[in-house]
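Spelled out from the first residue to the last, the chains are:
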Amino acid sequence: MAERNYWKRMQRKRLSRRSLMSASARAGVGAAGLALVGCGDDDDSQQAAAQAQQQAQPQQTAAQQQAQQTAAQQASTSQEAADEQAVTLLPGQLTAEEEAMSLTPEEEWRLRYHWSKLQNLPGQSDGPKYGGTWTLAHLPAANWNVLGPNANLMAAFAPMFYSQLVVFPMDDWANAHYYENEGDLAAGWEIPDVTTLVFQLQDGIKWQDKAPLNGRDMTAEDVKIAYDALRDGSFLAPDSDDPPTTVQASSYTAVKDIEFDNSSNTVRFNLTEPAAYLLNNMMNPFHVVAAPEYITDDYTQLDDWRNTVGTGPYVLDFVEQGSEWKASKNPTYFKKDPRSGMQLPYMDALHGPDFVSQRESEWAAWETGIIDRITLQDVYDYEQAVEQQPDTVVQVTAPPPGWQPYMTFKDLNEAPFNDVRVRQALSLGMDREEQKEGIYNGLAAAGYGQNWTFFRDDSSPWGFREWPWTAAELGEFVSFDPAKGRQLLDAAGYNEDNPLEFDAAMYTVPGSYLNLFLLIVDQWKRNLGVNAKHEQVDLETWIARLVTRDFSQALFTWLIGAEMDADGLSYGKLHTDSPGNFYGISEPDIDQWCLDQRQELDVDKRSDILEKIRVRELENMWRIFAVNPYRIAGRRGYLYNEIDTYNAWNPGWGATNTEKIWKNL
Amino acid sequence: MGGYLVRRLLGVVVVIFLLSFIAFMLVNAFPGSTAERLLAEGPQGSGITQEIIERFNKELGLDRPPLERYGDWLWNAVRGDLGNSFASSESVLNDIKVRLPRSLELVMLASVMAFFIAIPVGVLSAVRSGTFPDYAGRVFTILGLAIPNFFLGVLVVSFVAEWLNVSLATLPSPYIWDSFVQNLEGMIAPALVLSASLMATLMRMQRSQVLEIIHEDYVRTARAKGLSERSVILKHVFRNSFIPVLTIFGNQFAFLISGAVIVEYIFRINGIGALLVTSIRRADFNEVVGITVVIGLGVVLINLLVDLSYAWIDPRIRYG
Amino acid sequence: MTTSDPIAVPLDVLLPVGPSRLRSLIKMARERPLGAFGAVVIVILLITAIFGQDISIAGETIVPGFAPYPADETDVVNKLAPPTWPDHFAGTDSLGRDMFSRIIYGARTAMIIGLAATGMGIAIGTLFGTISAYLGGVGDMVVQRISDAFQALPPLVLMMVLVTMMSPGIGTVVFVIVIFLVPGTQRVIRGTVLSLKENTYIEAARTIGASSPRIVMQHILPNIVAPIMVLSTVTIGGTILAEAALSFLALGANSAANPTWGFILFEATQRGQLTRWPWLALTPGVAITLIVLAFNLFGDAIRDILDPRLRGTGAGG
């Protein structure tokens, strides 16, 4: 418990330090997004404040650095000194107080490489510089259609070339564990009533200078057409009897219609009901504004990368399928960095050669300095990265709820998994400590497929606690208790003479996920006498198996789906009628609560509803969650503003920040 | 010669037609997973629904019977259109054009290396039978035939590169005409790995052929005429031993391409082999069939060339 | 040199052979240390394949295996441990599984596929080859052109396509390797039968009115036993290699309880940093190399013994 208090104290310290930021930070998750107002009128003053802050920044940072140098001698006697030290630490450093604590590896790594330390990096005070090429290992997309059935794959690309109404900020000051709303095309927005949302667009936005747009001005009507196309496939194929359903459509079911006014440069969304999730879902990096020329003509032209024309910071110049892609600066980009006031983007070019299938090649590219960032899969990778490039800056990020290892069942109404005791026993028979240590070298914690922002914490500057959950908070079945597990199995009729046996499907490509699965199977054998047989699935169809239910009894997966809002993880996955409920979960209470939280605009009340959903699911173990690993990313010391967030593991998902990345060479 | 050539070329056409039919039917015999594979690409499948899968299949025309689709495909292929990739909508022919130069270079480089090393060593090994070069050559032959190219590739990428402190396979190699040196830097190691087993095969064949011929009457006669050992070997022994070696090369060519697929994968060369691996995984049928037909054409033509070259090497051979 | 076959077979050099000389095998083996080495390795592999893991019938273990650990027994506390005597003779992998045990378990799959695929491939190929040669005419031509087409497909490509479309597993892998073996085998056998057909004693049998099946059974089959044996031994190594290559691309017969060598190597490459854990890659790689080497050497010896005319002609590659 002492440690729990410690975390609270940590966050309070940051609160005082970050009071300037906290106002905008509050304009955040779910209900808050709609309930609070970030009006267009306010925007100017906000920008002025940001600029003032930016001017103050160099001196402040210099002072901090000095403080840090002296801090070593002074030892942390007073609370004040400890406070000062806490905010000037570099990634990798701990305060004396923290050093003295007996931290678990997961806590220590999380603290050492916490996102809040990135803003203290030496060189930040110099301010952004223009020029250079950002190179990263990145497999180009096969299909570039932001409106096609594969549009969600564009999450890793679209924000570089297109714009959205709302985005989440990503730079070295951004909260990697919590999403704030920030205008992109929108200079600001107003919520005159709970079913109306009015966006004021930025002035002087131009399309990229590529045919057929050829650099023309973007209008409010363009934005309306683009969002109509996102929410309703019949706008893409007006003459078709069987119009396509876009993958984005489910986020806009509450939208009745969209109006525009070119003269005032505004777009108005009229809703049929309050939608607590709408603003957050619009930040999804593949909900982008595509050119009306393509939407009204033949949107399948967007399949071709050559037809990628947006209003974004970079222009896509070259793609060789399966090999590499290249992009260059958009000279007519409309945005300025709110922090520095400088014109964006900073980099001249982006280059993404592919090393995905060949890790050794990626390492070679890292060692020779060809790539500027690398994803580190575990502690061994970390050691190698730092050895090869001593200037490596490491960031450890909480894992997203949308991607984490768990098991789902083909049919919850069929034996043996129709018996809740069997499901509970399987969870009790998992040694999550062994999983955490054995597979992830301690860098993981008990997982659960809901947004961790469900846990409110008023002492935190953003109102929610940082991951992870303690096992106790996840109910009585997320603990290791093989004896109780055996009892439950026995009660369900499975014992040594009649052992529980079932097929568990998993792909065969080696890696930590397959290792985790094999370990779990072995744990069940050891701890419960359960015989889970590995049903082999190839990697390429494995994800679709979840959707098509094409497996025999149980499926081990790590896909839930990256979500920008708690709604996607509650209603989206658990409601009986949701297309994303692949699990066969159908419970009247859950259904009702899922609907309730959609329209609940009060943050606290919404949190309470979400908690009820969580407790109910964990009692029933409709899905069995293992441990969820932290994410480690390494970037070169000269690279700034290139961050991971807890969902948008850049560059895998979300690349909003490419516009702000800069190099200090 | 003319009549022979016409007959052979007709044979090529028939084989390619059969091959395309077999390839097309094979990939289409097990339908149903293309959409799943394409949609599931990458780890972000959150938006997939059954509805979207059906939409995809319809857009790709996969709901029509295979024979009908083969008819369409063949008609277009005859006119030089191999269709579009299911995944990227890019023209298959274009995809092949972009990548073929790299694969051709890899295979040619490997073949040239194999010939230039295997033939002299093979001859030397036979002529100086029982000496150190002979034993070295034979040990290499035995090992080269046994060590799988994927293991050799892994050893080179992971260990040799580390020991020599060079990094292999980093950025995509430019085309050879864009940057000769940079291209070769990226190509030499994979070409060597690819050529190992071919080299061993050729070396072994060359050695045994020379050993056989060296005892023939006409060689003895040549020696008796007082020709120098050097010209005996070059003029009589080598020339006569070369045809079986060339035949083996023709036979091994399909295996060489198989090897190239794995070597491209390990060294991350974006040739048609790497594209084929990706396309097979995606069940991108148009791409798979297109590449298979192009590779098949290459194999058949190389064998035709090998047969034709007999006449050039040995003027006694006449085709009628 | 007027062949109209666009594709010649690597094994074409196997011309018809004389009477079987199986009896001299042992004597010849003594004179061929390399072949004898190959034979010894093959015997060791066979013993490992049979007795390495438990022999069970209907879930009951009849003979316990000699592998120190089950191939899928995890021990994450001791993961990535370097080779130590006697606990982990060849080190452990990233789940703490014993590498030596995994190699032992892999031997059975390698052997099953090597023997089953080769046996079936050669049997079916022999059937096609004999019928095709004996009947001749249009049927023969069709079979030959289809063979040409199959042989113009690089073998690995053909196998990858098929395995991907079906689902990976021992049955699938055996099936695709058989498909790839049949065209080459039938061509060799067809050539042999064609030349046998011209022999005077078969002509004689035909003139006295012997039926075709009778001629095949009495005169042809006994004469193609030797080339079949030679073909089989030189093919097994290649078959094991083909399965390993498929496994290396995660398209093989691997399963958690029965890992394959190719897949163990693939696991190593996916783990990466192999200079740090060299045993991960070297153990399976050396196992594959050694067994292919053994079959190559043994096959060469068998060929030399059964058909001395072919001594040293690199056939089979």
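**Student:** Help me out: how do you make sense of the overall build of chain A in this one?
**Tutor:** Scanning chain A for helices and strands turns up 22 helices and 22 strands. The contacts of chain A with a sequence gap of at least 6 include a subset with a gap of at least 24, amounting to 71%.

**Student:** Which parts of the structure should I look at to understand the overall build of chain B?
**Tutor:** Helix and strand counts for chain B come out as 12 helices and zero strands. Counting helices and strands in the order they occur from the N terminus, chain B gives α-α-α-α-α-α-α-α-α-α-α-α. Projected onto its principal axes, the C-alpha coordinates of chain B cover approximately 85 × 55 × 35 Å. Among the 320 residues that make up chain B, the fraction classed as buried is 49%.

**Student:** Sorry, what's going on with the pairing of strand 5 (residues 196–201) of chain A here?
**Tutor:** Two faces belong to every sheet, and in a regular strand the side chains alternate between them. Residue and element names in this part refer to chain A. Burial within strand 5 is extensive, with five of its six residues counted as buried. With four bridges joining them, strand 4 (residues 186–190) and strand 5 adopt antiparallel strand pairing. Among the inter-strand pairings, tryptophan 189 is bridged to a residue of strand 5, identified as phenylalanine 199. Relative to strand 7 (residues 266–271), strand 5 runs antiparallel, the two being bridged by five bridges. Bridge assignment links phenylalanine 199 to a residue of strand 7, and that residue is valine 267.

**Student:** When you look at the confidence of the model for chain A in this model, what are you seeing that I'm missing?
**Tutor:** Should pLDDT be low for a region, the predicted coordinates there are not to be read in detail. Per-chain confidence: chain A averages 83 in pLDDT, with 85% of residues scoring 70 or above. Every residue in residues 1–86 of chain A scores below 50 in pLDDT, and together they form 111 contacts with partners more than four places removed in sequence or on other chains.

**Student:** Looking at this structure, I do not really get the interface of chain B and chain C. What am I missing?
**Tutor:** Buried accessible area, meaning the area lost when the parts come together, often serves as the stated size of an interface. Listed as interface residues are 53 residues of chain B and, on the opposing side, 45 residues of chain C. Taken together, the residues of the side of chain B that touches chain C sort by class into 36 nonpolar, 12 polar and five charged.

**Student:** I'm lost on unusual backbone geometry in this one. Help?
**Tutor:** Here the bond from alanine 415 of chain A into proline 416 of chain A is cis, since omega is 0°, no more than 30 degrees from zero. One can find proline 416 of chain A in the loop between strand 13 (403–409) and helix 14 (420–428). Backbone torsion omega between tryptophan 85 of chain C and proline 86 of chain C reads 0°, so that peptide bond is classified as cis. Checked against the element boundaries, proline 86 of chain C lands in the loop between strand 2 (60–63) and helix 3 (99–135). With a phi close to 60°, asparagine 265 of chain A is a non-glycine residue in the positive phi region.

**Student:** So what exactly am I meant to see when it comes to the sheet that holds strand 16 (residues 531–537) of chain A here?
**Tutor:** The strands making up a sheet are joined through hydrogen bonds of the backbone, oriented either antiparallel or parallel. Residues and elements named next belong to chain A. With respect to topology, five strands assemble into an open sheet ordered 16-15-17-13-18, the strand pairing being mixed. At either end of the open sheet lies a strand with only one pairing partner, and these are strand 16 and strand 18 (624–625). Sheet analysis places strand 13 next to strand 18, joined by two bridges and oriented antiparallel. From the neighbouring strand, methionine 407 faces strand 18, where its bridge partner is isoleucine 624. Against the sheet, helix 18 (residues 539–548) contacts strand 13, strand 15 (501–507), strand 16 and strand 17 (554–559), and its axis sits at roughly 100° relative to strand 17.

**Student:** Looking at this structure, how should I read the pairing of strand 17 of chain A?
**Tutor:** Residue and element names in this part refer to chain A. Most of strand 17 is tucked away, with six of its six residues classed as buried. Going residue by residue along strand 17, you find Ala554, Phe556 and Trp558 tucked away on one face and Leu555, Thr557 and Leu559 tucked away on the opposite face as well. The pairing of strand 13 with strand 17 spans five bridges and is classified as antiparallel. Each bridged residue has a counterpart across the sheet, and for phenylalanine 409 the counterpart in strand 17 is alanine 554. Sheet topology places strand 15 next to strand 17; two bridges connect them, and they run parallel. Considered in strand 17, the bridge of alanine 505 is made with leucine 555.

**Student:** Even after reading the chapter, I still don't get helix 15 (residues 432–440) of chain A, so can you show me in this structure?
**Tutor:** All names here are of chain A. Taken across its nine residues, helix 15 has seven buried, putting it largely inside the fold. For helix 15, the full list of buried residues reads Arg432, Glu434, Gln435, Lys436, Gly438, Ile439 and Tyr440. If you follow the buried residues of helix 15, they end up packed against strand 14 (444–446), helix 17 (512–528) and strand 19 (627–629). Asparagine 441 sits one or two positions beyond helix 15 and adopts a positive phi of about 50°.

**Student:** I would appreciate a short explanation of the nonpolar core in the present structure.
**Tutor:** One broad trend across soluble globular proteins is that nonpolar side chains are buried collectively. Core analysis: the biggest nonpolar cluster contains 360 residues, and Val146, Met154 and Ala290 of chain A, Leu202 of chain B together with Met159, Ile177 and Ala245 of chain C have the highest contact counts within it. If one sorts the elements of this core by residue count, helix 10 (residues 229–267) of chain B sits on top with 18 residues. Residue contacts for methionine 154 of chain A: discarding those within four places in its chain leaves Ala141, Trp144, Val146 and Phe286 of chain A.

**Student:** Where do I start with the packing of helix 5 (residues 155–165) of chain C against helix 8 (residues 212–248) of chain C in this structure?
**Tutor:** The geometry of a pair of packed helices is captured by two quantities: the angle between their axes and the separation between those axes. Residues and elements named next belong to chain C. Where helix 5 contacts helix 8, the axes come no closer than 11 Å and their chain directions differ by 55°. The angle between helix 5 and helix 8 falls in the class oblique. Here helix 5 runs over helix 8; the crossing is right-handed. Contact with helix 5, carried on its side by Pro155, Leu156, Met159 and Val163, involves Ala242, Ala245 and Leu246 of helix 8 and no other residues of that element. Here the residues of the contact of helix 5 with helix 8 are counted per class, giving seven nonpolar, no polar and no charged.

**Student:** Quick question: what am I supposed to make of helix 4 (residues 66–78) of chain B here?
**Tutor:** Since the α-helix advances by 3.6 residues per turn, residues separated by three or four positions end up pointing in the same direction. In this model helix 4 of chain B runs 18 Å from its N-terminal to its C-terminal C-alpha over 13 residues, within 8% of the 18 Å that 1.5 Å per residue would give. Immediately downstream of helix 4 of chain B, the backbone of glycine 80 of chain B shows phi near 85°, a positive value.

**Student:** What's the story with the packing of helix 6 (residues 170–197) of chain C against helix 8 of chain C in this structure? I'm lost.
**Tutor:** Residues and elements named next belong to chain C. For the pair helix 6 and helix 8, the least separation of the axes is 10 Å and the interaxial angle reads 155°. By the angle between their axes, helix 6 is roughly antiparallel relative to helix 8. The chirality of how helix 6 crosses helix 8 is right-handed. Mapping the contact onto sequence places Val173, Ile177, Leu181, Thr185, Val188, Ile189, Thr192, Val193 and Leu196 in helix 6 and Ile220, Asn223, Ile224, Pro227, Leu231, Thr235, Thr239, Ala242, Glu243 and Leu246 in helix 8. Here the residues of the contact of helix 6 with helix 8 are counted per class, giving 13 nonpolar, five polar and one charged.

**Student:** I tried to follow the confidence of the model for chain B on my own but got confused; where do I start?
**Tutor:** All names here are of chain B. Averaged over every residue, the pLDDT of chain B is 83; residues scoring 70 or more account for 91%. When mean pLDDT is taken per element in chain B, helix 5 (residues 92–127) scores highest with 91 and helix 2 (residues 34–39) scores lowest with 70. This stretch, residues 42–46, has a pLDDT under 50; its non-local contacts, to residues over four places away or in other chains, come to 16 contacts.

**Student:** Teacher, can you tell me more about the environment of isoleucine 213 of chain B here?
**Tutor:** Residues and elements named next belong to chain B. You can see isoleucine 213 is positioned in helix 8 (residues 180–213). Overall, the presence of 18 C-beta atoms within 10 Å leaves isoleucine 213 in the partly exposed class. In this structure the C-alpha to C-alpha distance between isoleucine 213 and asparagine 240, which are 27 residues apart in sequence, comes to 7.6 Å. Those residues within four positions of isoleucine 213 in sequence are excluded, and the remaining contacts are Val219, Val237, Asn240 and Ser241.

**Student:** I tried to follow the environment of serine 94 of chain C on my own but got confused; where do I start?
**Tutor:** With respect to the secondary-structure elements, serine 94 of chain C resides in the loop between strand 2 and helix 3. Take serine 94 of chain C: there are 23 C-beta atoms within 10 Å of it, and that puts it in the buried class. Sequence-wise, serine 94 of chain C and glutamate 31 of chain C are 63 residues apart; in three dimensions their C-alpha atoms are separated by 45 Å. Not counting residues up to four positions away in its chain, the partners in contact with serine 94 of chain C are Asn515 of chain A together with Lys79, Leu80 and Arg271 of chain C.

**Student:** Just to check I follow, could you spell out the sheet that holds strand 10 (residues 349–353) of chain A for this structure?
**Tutor:** Residue and element names in this part refer to chain A. An order of 1-10-9-8 is seen for the four strands of this open sheet, with the pairing classed as mixed. At either end of the open sheet lies a strand with only one pairing partner, and these are strand 1 (133–135) and strand 8 (314–320). Across the sheet, the axes of successive neighbouring strands diverge by a mean angle of 15°, strand direction being ignored. Strand direction decides the pairing type here: strand 8 and strand 9 (residues 324–329), joined by six bridges, are antiparallel. Along strand 9, the bridge assignment pairs tyrosine 314 with lysine 329.

Cut-offs applied
Residues numbered from 1 in each chain as written. Chains lettered and ligands numbered in written order. Predicted model: local features only at pLDDT ≥ 70, side-chain atom pairs only at ≥ 80, totals over all residues. Helix = DSSP H or I, 4+ residues; strand = E, 2+ residues; numbered from the N terminus. Contact = placed C-beta atoms within 7 Å. Buried ≥ 20, exposed ≤ 12 C-beta atoms within 10 Å, placed from the backbone. Pairing = 2+ DSSP bridges. pLDDT = per-residue confidence, 0-100. Nonpolar A, V, L, I, M, F, W, Y, C, P; charged D, E, K, R; others polar. Axes fitted to C-alpha atoms, helices over the stretch in contact; angles between N-to-C directions. Core = buried A, V, L, I, M, F, W, Y, C linked by C-beta atoms within 7 Å. Parallel < 35°, antiparallel > 145°, perpendicular 65-115°, else oblique. Left-handed = near helix turned anticlockwise from the far one by under 90°. Expected span 1.5 Å × (residues − 1).

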